Amino acid sequence: MALIGFLRNTMPEPEKTPPTAKTSSPFASWRIDHAGIRVPDFDEAVAWYTSTLDFRLLKSVSIGKLTFGFIAPATDDSFSFEILAGPGAAERPRYEDFHDSYNLSGWHHLGIRVDDVDATVDELRRRGVKIVSAPHDVESLQLRLAFFADPWGNLLEVISPIKRNVT
């Protein structure tokens, strides 16, 4: 009996059908456009993201003492990061232990879907990027993921479906 209970608790739940789209909602036209990242130095951040992660600076503008820029991945224009720099930025905690980062209230990380988490992490390491959490599977989500940090302590996650060996 204990074995059956254990197996029930360790088996992934069957895939559930997503809820029906709320097409009559007054917010039905909403689409996620970008996420913002606050950094101390705009030019330094743009240089890091464009040279280290091969992002592209789509546009930038200065308003008063603040500079805003939108960067996008190498080939994806459907989503961008807004980089905001200028006076008044407080330092983010820099985490050596990924699980300690869960204690920070508010924005936690950005998720980036990739073809192969392991190959992506290998390339990030080759480029000197700090890996905060090595590639690992999260069976309950059927995802393989890893986390890395930019030089300002912002966390980014790379994710892909778990690859199953078919024999």
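Residues numbered from 1 in each chain as written. Predicted model: local features only at pLDDT ≥ 70, side-chain atom pairs only at ≥ 80, totals over all residues. Heavy atoms only, no water.

Engineer: Which residues make up the pairing of strand S7 (residues 143-149), and what values go with them?
Structural biologist: Burial runs high along S7: 6 of the 7 residues are buried. Relative to strand S8 (residues 155-161), S7 runs antiparallel, the two being bridged by 7 bridges. By the bridge assignment, Ala-146 is partnered in S8 with Val-158. Between S7 and S8, which pair antiparallel and follow one another directly, the connecting turn spans 5 residues, one of which, Gly-153, has a positive phi of 90°. (Buried < 20%, exposed > 50% of the residue type's maximum accessible area, 1.4 Å probe, protein only. Helix = DSSP H or I, 4+ residues; strand = E, 2+ residues; numbered from the N terminus. Pairing = 2+ DSSP bridges.)

Engineer: Explain the sheet that holds strand S2 (residues 56-63) to me, using residue names and the numbers behind them.
Structural biologist: Pairing in this open sheet of 4 strands is mixed, and the strands run S1-S4-S3-S2 from one edge to the other. Both outer strands of the open sheet, strand S1 (34-39) and S2, are each paired with one neighbouring strand and no more. Taken over all neighbouring pairs, the strand axes of this sheet differ in orientation by 20° on average, direction set aside. In this sheet, strand S4 (residues 80-85) lies alongside S1 in parallel orientation, the contact comprising 6 bridges. Residue pairing in the sheet places Arg-38 in a bridge with Leu-84 of S4. (Axes fitted to C-alpha atoms, helices over the stretch in contact; angles between N-to-C directions.)

Engineer: Talk me through the nonpolar core; I want residue IDs and the actual numbers.
Structural biologist: Grouped together as the largest cluster of nonpolar side chains are 27 residues, with contacts concentrated most on Tyr-49, Phe-81, Ile-83 and Phe-148. Each residue touching Phe-148, except ones within four places of it in the same chain, is listed here: Trp-48, Leu-53, Leu-124, Val-129, Lys-130, Ile-131, Val-132, Asn-154, Leu-155, Leu-156 and Val-158. (Core = buried A, V, L, I, M, F, W, Y, C linked by side-chain atoms within 4.5 Å. Contact = heavy atoms within 4.5 Å.)

Engineer: Lay out the packing of aromatic side chains with the relevant residues and their values.
Structural biologist: Counting across every chain of the model gives 6 aromatic pairs. Pairing Trp-48 with Trp-152 gives two aromatic rings, centres 6.3 Å apart and planes at 85°, and the pair type is edge-to-face. You can see Trp-48 sitting in helix H2 (residues 42-52) and its partner Trp-152 sitting in the loop between S7 and S8, a full 104 residues away along the chain. There is no split in this pair, since Trp-48 and Trp-152 are both buried. (Phe/Tyr/Trp six-rings, centres within 6.5 Å; stacked < 30°, edge-to-face > 60°.)

Engineer: Account for H2, with residues named and values stated.
Structural biologist: Each α-helix turn comprises 3.6 residues. Residues three or four places apart therefore point the same way. Among the residues of H2, Phe-42, Ala-45, Val-46, Trp-48, Tyr-49 and Thr-52 are the ones counted as buried. Backbone nitrogen of Asp-43 and a side-chain oxygen of the N-cap are separated by 3.3 Å at the start of H2; the cap is Asp-41. (Polar contact = N/O pair within 3.5 Å; in protein donor to acceptor, adjacent residues only side chain to side chain.)

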